[in-house]
Amino acid sequence: MDARVPPVTPLHEVDPTILLVLNLAGTFVFGLSGGLAAVRARLDIFGVMALGVVVGLAGGITRDVLIGIPPQTFRDWRYLVVAGGAGLVAFLAPRWLDRLGRPILILDGAGLALFCVTGASTALDHHVGGLEAVVLGAITGIGGGMLRDIILREIPIVLRAGLYAIPALIGASIVVVAYKLGIHGLMVPVAGIGVCFLIRLIGIHYDLDMPRPPE
Amino acid sequence: MDARVPPVTPLHEVDPTILLVLNLAGTFVFGLSGGLAAVRARLDIFGVMALGVVVGLAGGITRDVLIGIPPQTFRDWRYLVVAGGAGLVAFLAPRWLDRLGRPILILDGAGLALFCVTGASTALDHHVGGLEAVVLGAITGIGGGMLRDIILREIPIVLRAGLYAIPALIGASIVVVAYKLGIHGLMVPVAGIGVCFLIRLIGIHYDLDMPRPPE
Amino acid sequence: MDARVPPVTPLHEVDPTILLVLNLAGTFVFGLSGGLAAVRARLDIFGVMALGVVVGLAGGITRDVLIGIPPQTFRDWRYLVVAGGAGLVAFLAPRWLDRLGRPILILDGAGLALFCVTGASTALDHHVGGLEAVVLGAITGIGGGMLRDIILREIPIVLRAGLYAIPALIGASIVVVAYKLGIHGLMVPVAGIGVCFLIRLIGIHYDLDMPRPPE
């Protein structure tokens, strides 16, 4: 958080250590997803760790650049270490992680829920408008995975299939609507995270897709 | 426009409402191009709207990041709504839009002409040098389409075929040269837009390409 | 260099003209690499020059955006001219350059060595942490080539094969470690450039790759 801007969202009521641990955990899970995709694409050890960093950090970096503030993750080495470490784990134990496919997918959904809420809160803290904060929250959650797919030469999966962006948009919307209604307290981010995570789980369980254009 | 920087280009003499309407119209046409390309690539409804936003906004966002100012379009929700709305139109009525191929191509040329001129003016207003302002003007016009092609896993068409970047560079150059010569007045942006649009129309009509390297 | 920030690294002891000439030479060599790749991909003359600019400038621009400062190369037209000129040379004389394959590869290694050291120094000058400065130094060296491959629809070679990112990380680390140890003087950047270049040459000579994940 940029110390010069007084935060306006309830997220700052969370104990900073808990928030840091949550953020690092989300970064780690996203880094695993990047590392695993890189192993499948047969990148070398540097490439696998780099993809871990990209997926772990790119969403938040994109959000900060679009807000117009220095990317916060480049001011805290722990995010780089955790994301690169996740890539290293993927390089060393890809088979073990592949067998954990479903739990990782669920943890990834939890990371998505966390990041869309922290992303929207950060945007509001920097006095961005409501719709922009919703979009920036979603970008925080989906940006890393989009860049992963572009680097690995695939059309981003989030644009094509699955229920991934919609829960992120809804989670971010809950934060923004509560803020506009003057609702404070920790229940706001908790609700945003919970609803986003729940919708994502439903999407995973029933293998839901968004509508596609007619042939 | 960043209110803290006194504008130096004639663009600020344009009635702000007219300029806004023009900019939103250009954003809409660019958003249609993104949405249509996304429909052809079989993205889902979120992907189609997201591509509309990317093509409508990415050029101006890239310009602002390269200048070093907070992206202006993320400070005004109307651009997001118009670009996303254009994507939605492309999702709902792709066949109707496909039949309008040529009028849309011409409107896209008008958007290109507008954006290279407003882009170069914005750059000059922020005290960027002349050559840099020309390049930033062209990026404002062509950046969205380039990112569309990269996301859809194609080599950007603007780098390969057609007469698209050259009219943008010429339109931006007219703004910059007039500024350096101390020529003021609304005729400057009008000339930049007119010349860029005309060259683009000639390129469309005669299906002109730029020279390619020998085999 | 942003004049408002007093530099803390030994790089500012280098005669500014010498540093500028070195930087422009590195930009030119990187621009050649972008232009040649664009000629091979059969882009048109604008595309070839644009790829020269992308490879010559994108690493430093990405570094500056991640630090949170206005990209320096967009405040100095000489970099644009040199990088675009390198693209033009590649367009006009691709066969002649292709025959120079090995010397260009070696010059590219020299550019990599220079850019990772200047990149890490710039990051330290802006009070970024040590690990972040190492990563930003490497990004300065490899970012342009990565974007070249993404635009040309290839998985970035630096993530897949060769010994390219590792020497950049080591060269940047030398700068950062010396800074943390309080070691000053011109021998620091010279050592960083020399070691990076040497490892890169060894990688070229023995055709070394980094470890890959098991099949």
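Residues numbered from 1 in each chain as written. Chains lettered and ligands numbered in written order. Predicted model: local features only at pLDDT ≥ 70, side-chain atom pairs only at ≥ 80, totals over all residues. Heavy atoms only, no water.

Student: Before we move on, could you go through the relation of the copies chain C and chain B and cite the residues and values that matter?
Tutor: Once chain C has been moved 0.0 Å along the axis and rotated by 120°, it coincides with chain B to within an RMSD of 0.0 Å. In the structure described here, the two chain copies are related by an operation that fits a three-fold rotation axis. The C-alpha atom lying nearest the rotation axis in chain C is that of C:Arg153; the distance is 3.8 Å. Little of the interface of chain C is mirrored in chain B, where only 12% of its interface residues again form contacts. (Least-squares fit on C-alpha atoms with pLDDT ≥ 70 in both. Contact = heavy atoms within 4.5 Å.)

Student: Explain the interface of chain C and chain B to me, using residue names and the numbers behind them.
Tutor: Between chain C and chain B, the contact holds 26 residues from the first and 32 residues from the second. Carbon and sulfur atoms make up 68% of the surface buried where chain C meets chain B, a total of about 2,500 Å² over both sides. Three residues stand out in chain C for area buried against chain B, namely C:Arg42, C:Phe46 and C:Phe74, and they jointly supply 30% of the buried area on that side. On the surface where chain C and chain B come into contact, there are zero salt bridges. Counting every contact that joins chain C to chain B gives seven residue pairs in polar contact (both at pLDDT 80 or more). At the level of secondary structure, the elements contributing two or more residues to the side of chain C that touches chain B comprise helix H2 (45-67), helix H3 (77-92) and helix H6 (130-151) of chain C. For the side of chain C that touches chain B, the leading source of residues is H2(C), giving seven residues. Residues belonging to the side of chain C that touches chain B are distributed by class as follows: 19 nonpolar, one polar and six charged. (Buried area = accessible area lost by both parts, 1.4 Å probe. Salt bridge = Lys/Arg side-chain N within 4 Å of Asp/Glu carboxyl O. Polar contact = N/O pair within 3.5 Å; in protein donor to acceptor, adjacent residues only side chain to side chain. Helix = DSSP H or I, 4+ residues; strand = E, 2+ residues; numbered from the N terminus. Nonpolar A, V, L, I, M, F, W, Y, C, P; charged D, E, K, R; others polar.)

Student: Break down empty space enclosed by the protein for me, with residues and values.
Tutor: Over the atoms a probe the size of a water molecule is rolled, and this reveals where empty space is left. Counted under the stated rule, the structure contains two cavities of 30 Å³ or more. Quantified by volume, the largest cavity comes out at close to 80 Å³. Every residue along the wall of the largest cavity is listed here: A:Ile150, A:Ile151, A:Arg153, A:Glu154, B:Ile150, B:Arg153, B:Glu154, C:Ile150, C:Arg153 and C:Glu154. As a volume, the second largest cavity reaches approximately 40 Å³. Every residue lining the second largest cavity is listed: A:Val158, A:Ala161, A:Gly162, A:Leu163, A:Tyr164, A:Ala165, A:Ile166, A:Met210, B:Asp44 and B:Phe46. A breakdown of the residues in the lining of the second largest cavity according to their chemical character gives eight nonpolar, one polar and one charged. (1 Å grid on protein atoms, 1.4 Å probe; cavity = no way out; pocket = protein on both sides within 12 Å on 5 of 7 lines; lining within 4 Å. Points joined across faces, edges and corners; volume = space filled by probe spheres on them.)

Student: Describe in detail the relation of the copies chain C and chain A, supporting the description with residues and values.
Tutor: Rotating chain C by 120° about the axis while translating it 0.0 Å along that axis superimposes it on chain A, leaving an RMSD of 0.0 Å. Comparing contact sets, just 9% of the residues at the interface of chain C also lie at the interface in chain A, consistent with a heterologous contact between different surfaces.

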